[in-house]
Amino acid sequence: MLTLYRRHLKACTKKADRFYKRCTCPMWVEGTANGTYVRRSLKTGSWERAVDLSRVIEDSENPAATPERKDEPVTIVQAVTEYLADAKARELSDATIYKLDIFFRKQFLAWCKSEGYKLLREMDLRAVQSFRTSWTDGALAKKKKQERMTGFFWFCIRAGWMTSNPTNNLGRISVTQAPTDYFTREEYDKLVDATYLYRENRGETIGGANSTRIRTLIMLMRWSGLRIRDAITLERTRLINDNLLLYQAKTGTPVYVPLPPQVSEALRTIPDGVKPNPRYFFWSGNGLPKSAVADWQRSFRRLFKLAGLEKPDGSTKRCFPHMLRDTFAVEMLLAGVPIDQVSMLLGHSSVKITEKHYSPWVKARQDQLAASVRNAWSTLGAVPPRKAKSPKAKVLAFQA
């Protein structure tokens with residue numbers, strides 16, 4: 001029997017646990033295989049990869065031999081496996097891990113298999129370009145995928161498997177991002193009105209418990225700026241009088257946002273859902289949060305269709321729950337709230353992120369631009385000159 005364990009580095013916080021799976025310290029194997037005692041480094045930090053190598057040792061006629069020569073070419077499957085294991089070890093969010101797993105395991109590896117690519121060293125610029133042509137997403141999604149590919153190959157370089165990044169000479173994807181859309185005050189009122197006609201199914205009474213719950217969720221997201229996931233998993237203890245605890249800042253200082261009294265009252269009196277949980281306003285606590293988000297997103301789609309919001313040209317306006325967060329940010333900026341304070345309320349790690357999405361709506365900046373344009377009128381000759389005095393007026397002025 002072979003036993004896998006880690007020889008933790010000095011800086012590792014998990015060095016007390018030899019069998020910890022989520023760090024990247026070197027993996028070792030020890031035990032007996034085919035009557036031969038084995039104890040060696042597996043030259044990998046991935047637990048999954050170490051499991052595969054231990055099986056190679058167990059099946060080997062000479063277990064004392066190194067299962068993988070140092071100069072043996074690394075396969076694409078091995079590289080992807082270790083990259084995803086490293087992403088988990090870095091404690092990335094579940095949503096990020098899920099996106100990486102979908103992209104690399106289900107798309108990248110599937111494409112490599114269909115095109116006959118097996119070894120990592122076969123991934124050159126032409127191969128990466130060919131893989132990119134298989135993407136059918138929009139420009140923004142393609143840009144995100146290309147960034148993931150770049151990060152993957154940098155990981156391979158740091159691991160010593162490659163000497164150059166094939167995405168370095170890959171052309172940039174041009175993204176024309178539309179300005180952040182939001183709900184005007186009239187549109188928001190229409191959404192709230194539509195909740196009184198909302199029902200989950202035909203057997204439900206119009207204006208029932210689900211109608212009140214989705215109306216309360218809309219009000220919460222509009223006046224707090226919470227993302228849909230954060231709003232759905234909001235704990236009741238975070239509502240203190242009419243103040244909502246958003247998060248703990250890095251300094252340890254809590255960041256609160258005041259809620260209108262009618263919003264906080266709606267939260268306190270919200271009817272129970274199908275599976276009520278006294279800890280949360282909107283979530284039963286069962287299953288994964290992303291499943292609850294998917295359920296509420298379906299409810300939002302029905303509500304948006306019921307509201308029937310339109311653009312100025314009469315076409316249907318595409319609506320998303322995240323636009324309620326955008327509405328919060330835009331209305332704050334239009335009211336003159338400094339962008340650094342709006343950034344804190346939104347929980348952005350940097351004010352640059354806020355500027356990227358909401359800079360067109362900064363009221364102070366718009367006022368400064370308008371003042372600068374007016375000041376430039378006189379220089380540009382846009383201000384009409386004074387009327388010239390008539391000859392008679394000049395004579396009268398001279399006589400005076």
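Residues numbered from 1 in each chain as written. Predicted model: local features only at pLDDT ≥ 70, side-chain atom pairs only at ≥ 80, totals over all residues. Heavy atoms only, no water.

### Topic: the packing of aromatic side chains
Two measures describe an aromatic ring pair: the distance that separates the ring centres and the angle between the ring planes.
Here comes step 1: Tallied over the full model, the rule gives 20 aromatic pairs.
Here comes step 2: Ring plane angle 85° and centroid distance 5.4 Å describe the contact between Tyr83 and Phe152, whose orientation is recorded as edge-to-face. Here Tyr83, found in helix α2 (residues 76-89), pairs with Phe152, found in helix α5 (residues 139-158); they are 69 residues apart in sequence, far enough to count as distant. With respect to class, Tyr83 is no different from Phe152; both count as buried.
Here comes step 3: An aromatic cluster is present here, built from Tyr83, Phe103, Phe104, Phe108, Trp111, Tyr117, Phe131, Trp135, Phe152, Phe153, Phe155 and Trp161 joined pairwise through their rings.
Here comes step 4: The positively charged end of Arg222 is found above the aromatic ring belonging to Tyr188, 6.0 Å away from the centroid.
Here comes step 5: Here the guanidinium or amino end of Lys290 rests over the ring plane of Tyr98, the centre of that ring lying 4.0 Å away. (Phe/Tyr/Trp six-rings, centres within 6.5 Å; stacked < 30°, edge-to-face > 60°. Helix = DSSP H or I, 4+ residues; strand = E, 2+ residues; numbered from the N terminus. Buried < 20%, exposed > 50% of the residue type's maximum accessible area, 1.4 Å probe, protein only. Lys NZ or Arg CZ within 6 Å of the ring centre and 35° of its normal.)

### Description of the confidence of the model for the protein chain
Here comes step 1: In this model, the protein chain carries a mean pLDDT of 86, and residues with pLDDT of at least 70 account for 90%.
Here comes step 2: For the protein chain, the element scoring lowest by mean pLDDT is helix α15 (residues 391-399), at 53; helix α9 (residues 261-268) scores highest, at 95. (pLDDT = per-residue confidence, 0-100.)

### A few points about the side chain of Asp326
Here comes step 1: Tracing the chain through its elements places Asp326 in helix α11 (residues 322-334).
Here comes step 2: Of the buried charged residues, Asp326 lacks a salt bridge, with Arg325 as the closest side chain of opposite charge at 5.7 Å.
Here comes step 3: In this view, Asp326 contacts Thr180, Asp181, Tyr182 and Tyr358; residues no more than four positions away in its chain are not counted. (Lys, Arg positive; Asp, Glu negative; His and termini not counted. Salt bridge = Lys/Arg side-chain N within 4 Å of Asp/Glu carboxyl O. Contact = heavy atoms within 4.5 Å.)

### Thoughts on helix α4 (residues 125-133)
Here comes step 1: For α4, the full list of buried residues reads Ala127, Val128 and Phe131. Looking straight down α4, one finds that the buried residues subtend no more than 95° of arc, so they occupy a single side. Residues of α4 that are exposed and point more than 90 degrees away from the buried face comprise Arg126 and Thr133.
Here comes step 2: Taken together, the buried residues of α4 touch α3 (94-115) and α5. (Arc of directions from axis to C-beta.)

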